[in-house]
Amino acid sequence: MTRYELFYWPDIQGRGEFVRLALEEAAAPYVDVARLPRSKGGGEGAILRVLDGALGPRLPFAAPILRAGKILVAQTAAILQFLAPRHGLVPRDAPSQLWAHQLQLTVADFLVEVHDTHHPVAAGLYYEDQRKEARRRTEHFLRHRLPLFLDYFERVLVKNGGRHPVSGRFSYVDLSLFQILEGLDYAFPRAFRAVRRRIPRLQALREAVRNRPRIAAYLGSPRRIPFNTWGIFRHYPELDLVPRGGR
Ligand SMILES: N[C@@H](CCC(=O)N[C@@H](CS)C(=O)NCC(=O)O)C(=O)O
């Protein structure tokens with residue numbers, strides 16, 4: 001079986017976590033390259049070398065990046081689209097795979113909005129330099145966008161049999177929804193508590209994923225990097241606002 005190489009920032013879950021979860025659920029052999037010591041080719045330098053073209057002309061724009069033999073693929077949703085059929089993480093039929101990919105792209109959109117709560121002005125500036133704007137952006141996100149996205153995914157579950165978003169069976173999209181919910185709960189515990197009752201099926205999916213044997217083993221292992229305030233999901237108490245009203 002191919003031994004995959006994942007290139008992703010070594011100290012955060014970030015977007016790499018969506019790939020790690022899929023690899024772990026598949027029990028696929030992989031190396032999280034940047035988490036290796038520098039003496040073994042690890043560290044952030046490993047990622048920068050790939051971005052510089054060390055692995056060929058198909059230059060990735062950003063991490064996460066996955067290498068599988070001669071194949072190099074970036075963009076989280078594309079990585080999952082590539083991995084999933086190889087490991088039974090998506091049904092075999094084309095309409096289901098297209099639907100799964102569509103959902104994963106919506107997860108990607110959602111993630112950008114989560115990221116922009118703490119970096120509304122520029123990703124290259126420190127949070128501390130955009131706190132005022134971050135508060136304003138987060139107020140809007142929590143009041144309007146968070147319920148909009150969560151209600152959407154809850155409705156997707158309702159329309160698709162209640163337990164799984166794709167064709168009534170487990171897929172990589174279940175893993176991604178789990179990760180989104182975990183991240184939101186970490187970043188905005190008070191705000192998340194306020195919307196939780198609206199999403200009973202998503203919450204049940206989250207628990208079901210947490211209890212999958214390989215995921216449970218992964219979550220309890222040192223391979224799972226704890227949430228922290230460098231990643232996409234950041235807990236800043238001053239941004240954990242309980243929205244009033246709502247859409
Ligand atoms: N659309 C890409 C976004 C990739 C991305 O933004 N990666 C971040 C880390 S999570 C990064 O390294 N960005 C560097 C940059 O945008 O300059 C995906 O979903 O994989």
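The structure reproduced in this document is the subject of the present report.

Basis of the calculations
Numbering of residues starts from 1 in each chain and follows the order in which that chain's sequence is written. For a predicted model such as this one, the threshold for reporting local features is a pLDDT of at least 70, and the threshold for listing and counting side-chain atom pairs is 80 or more; totals across whole chains, interfaces and linings nevertheless cover every residue. Excluding hydrogens and water, the side-chain values take into account all heavy atoms of the structure. Secondary structure elements follow DSSP: runs of H or I of four or more residues count as helices, runs of E of two or more count as strands, with numbering from the N terminus. Only protein chains enter the accessibility calculation, which uses a 1.4 Å probe; a residue whose area is less than 20% of its type maximum is buried, one above 50% is exposed, and one in between is partly exposed. In these notes, residues near a molecule or strand are those with any non-hydrogen atom within 4 Å of it. Side-chain atoms alone can form a polar contact between residues adjacent in sequence; in general such a contact is a pair of N or O atoms within 3.5 Å, and within protein one must be able to donate a hydrogen while the other accepts it. Note that accessible areas follow from Shrake-Rupley with a 1.4 Å probe, and for residues the cover is restricted to the protein chains shown. Amino acids are sorted into nonpolar (Ala, Val, Leu, Ile, Met, Phe, Trp, Tyr, Cys and Pro), charged (Asp, Glu, Lys and Arg) and polar (every other residue, Gly among them). Any two strands with at least two DSSP bridges between them are considered paired.

Another point: the overall build of the protein. Scanning the protein from terminus to terminus reveals 9 helices and 4 strands. Mapped in sequence order, the helices and strands of the protein form the string β-α-β-α-β-β-α-α-α-α-α-α-α. Seen along its three principal axes, the alpha-carbon backbone of the protein occupies a region of about 50 × 45 × 30 Å. Of all 247 residues assigned to the protein, the portion counted as buried reaches 51%.

With that settled, the discussion passes to the site of the ligand. Tyr 8, Trp 9, Arg 15, Phe 61, Ala 62, Ala 63, Pro 64, Gln 75 and Thr 76 make up every residue found near the ligand. Take Arg 15: an N or O atom from its side chain is 3.3 Å from an oxygen atom of the ligand. One of the backbone N or O atoms of Ala 63 is found 2.7 Å from a nitrogen atom in the ligand. Burial of the ligand by the protein amounts to 63% of the accessible area it has alone, namely 510 Å². The residue makeup of the shell around the ligand, split by class, is 6 nonpolar, 2 polar and 1 charged.

Attention now goes to the pairing of strand 4 (residues 71-74). Summarising the sheet, strand 3 (residues 65-68) and strand 4 pair through 4 bridges and their orientation is antiparallel. Within strand 4, the residue paired with Ala 68 across the bridge is Ile 71. In sequence, strand 3 turns back onto strand 4 through a hairpin of 2 residues, with Gly 69 there showing a positive phi of about 60°.

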